[in-house]
Amino acid sequence: MALTRTERELFLAEPHIGALAVDAAEEGRAPLTVPIWYQYAPGGDLWIMTGRDSRKGTAIARAGRFSIMVERLTPTIRYVSVEGPVVSTLPATREQLVEMSSRYLPAEKVEGYVDFAWKEHGAQVVIHMRPQRWLSSDLGQV
């Protein structure tokens, strides 16, 4: 059964690992699909952080859009997939890295991870996507 707008937005706002997909425009290859952390608040834009020169970063810049799918298996099988255009790409800030890391890591791990990532991951960008097309379903319990 499809989710209502409120249900799908609230579900997407939960801290799931997203499966990002983007057309990498590489002949003979399928779209690039990778796991990624993301941030979303109902009614707003979704954002991700990635390396400025990473394969996904350059593919998103070239395509101008991407999709993310999130799912869970309990207590029911539920998923939300959202696709849309990139509305901004800006240099990442340390504060955004703290925000994203705090969403996914235990509080006691955030500072150490942020220190490491800020020094070792190279130049990062934050890419904002405006959700345009949604697919969602709750398949119930199996």
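Here the structure is shown first, and the text comes after it.
A few points on the structure. Remember, it's a predicted structure, so these values are computed and weren't measured experimentally.

Digging into the overall build of the protein
And then number 1: Helix and strand counts for the protein come out as four helices and seven strands.
And then number 2: Secondary structure elements of the protein, listed N to C terminal, follow the sequence α-β-β-β-α-β-β-α-α-β-β.
And then number 3: For the protein, the C-alpha radius of gyration of 16 Å lies close to 14 Å, the compact-globule estimate for 142 residues.
And then number 4: The C-alpha extent of the protein, read off along each of the three principal axes, is 45 × 45 × 25 Å.
And then number 5: Counting across all 142 residues of the protein, residues that qualify as buried make up 40%.
And then number 6: Nonlocal contacts in the protein, meaning residues at least 24 apart in sequence, comprise 71% of its contacts between residues at least 6 apart.
And then number 7: The centroid of the 16 positive side-chain charges in the protein is displaced by 3 Å from the centroid of its 17 negative side-chain charges.

Things to note about the pattern of salt bridges
And then number 1: Within the structure shown, the criterion is met by nine salt bridges.
And then number 2: The partner of Arg5 in a salt bridge is Glu9, and the shortest N-O contact between them spans 3.2 Å. Within this pair, Arg5 and its partner Glu9 are both found in helix 1 (residues 5-13), separated by four residues, close to a single helical turn.
And then number 3: Given a relative accessible area of 10%, Glu9 falls into the buried group.
And then number 4: One salt bridge connects Arg65 with Glu83, and the closest N-O pair in it is separated by 2.3 Å. Residue Arg65 is located in strand 4 (residues 65-72), and its partner Glu83 is located in strand 5 (residues 77-91); the two are separated by 18 residues in the primary sequence.

Structural notes on the nonpolar core
And then number 1: By size, the foremost hydrophobic cluster in this structure holds 34 residues, and its most contacted members are Leu12, Leu20, Tyr38, Leu46, Ile48, Phe66 and Ile68.
And then number 2: Contacts of Ile48, omitting those with residues within four sequence positions, involve Leu20, Ile36, Trp37, Tyr38, Ile60, Phe66, Ile68, Met100, Val125, Val126 and Ile127.

Comments concerning unusual backbone geometry
And then number 1: Of the consecutive residues Thr74 and Pro75, the connecting peptide bond is found in the cis state with omega at 0°.
And then number 2: Tracing the sequence through the fold places Pro75 in the loop between strand 4 and strand 5.
And then number 3: Positive phi values are uncommon outside glycine, yet Ala25 reaches one of about 55°.
And then number 4: Tracing the backbone shows Ala25 in the loop between strand 1 (18-22) and strand 2 (32-36).

Side note on the side chain of Thr76
And then number 1: With respect to the helices and strands, Thr76 occurs in the loop between strand 4 and strand 5.
And then number 2: Polar side-chain contacts of Thr76 include one of 3.0 Å to the side chain of Asp138.
And then number 3: Beyond its immediate stretch of four places on either side in the chain, Thr76 contacts Asp138, Gly140 and Gln141.

Notes on the packing of aromatic side chains
And then number 1: Applying the stated criterion across every chain yields a total of three aromatic pairs.
And then number 2: With a centroid separation of 4.9 Å and an interplanar angle of 10°, the aromatic rings of Trp37 and Tyr104 are classed as stacked. Of this pair, Trp37 sits in the loop between strand 2 and strand 3 (46-51) while Tyr104 sits in helix 3 (residues 94-104), and the two are 67 residues apart along the sequence.
And then number 3: Judged by its relative accessible area of 24%, Trp37 falls in the partly exposed class.
And then number 4: By relative accessible area, Tyr104 is classed as buried at 16%.

Here we look at the packing of helix 3 against helix 4 (residues 107-120)
And then number 1: It is at 10 Å that the axes of helix 3 and helix 4 come closest, and there the two elements cross at 135°. Between helix 3 and helix 4, the crossing angle belongs to the class labelled oblique. Every pair of crossing elements has a handedness; the one defined by helix 3 and helix 4 is right-handed. For the pair helix 3 and helix 4, contact is made by Arg94, Leu97, Val98, Ser101 and Ser102 and by Val110, Tyr113, Val114, Asp115, Ala117 and Trp118, respectively.
And then number 2: Residue classes in the contact of helix 3 with helix 4 are distributed as seven nonpolar, two polar and two charged.

Quick notes on the rules
- Residues numbered from 1 in each chain as written.
- Predicted model: local features only at pLDDT ≥ 70, side-chain atom pairs only at ≥ 80, totals over all residues.
- Heavy atoms only, no water.
- Helix = DSSP H or I, 4+ residues; strand = E, 2+ residues; numbered from the N terminus.
- Rg over C-alpha atoms; globule rule 2.2 N^0.38 Å.
- Buried < 20%, exposed > 50% of the residue type's maximum accessible area, 1.4 Å probe, protein only.
- Contact = heavy atoms within 4.5 Å.
- Lys, Arg positive; Asp, Glu negative; His and termini not counted.
- Charge placed at Lys NZ, Arg CZ, Asp CG, Glu CD.
- Salt bridge = Lys/Arg side-chain N within 4 Å of Asp/Glu carboxyl O.
- Core = buried A, V, L, I, M, F, W, Y, C linked by side-chain atoms within 4.5 Å.
- Polar contact = N/O pair within 3.5 Å; in protein donor to acceptor, adjacent residues only side chain to side chain.
- Phe/Tyr/Trp six-rings, centres within 6.5 Å; stacked < 30°, edge-to-face > 60°.
- Axes fitted to C-alpha atoms, helices over the stretch in contact; angles between N-to-C directions.
- Parallel < 35°, antiparallel > 145°, perpendicular 65-115°, else oblique.
- Left-handed = near helix turned anticlockwise from the far one by under 90°.
- Nonpolar A, V, L, I, M, F, W, Y, C, P; charged D, E, K, R; others polar.

Worth remembering: the numbers are spatial, not functional.
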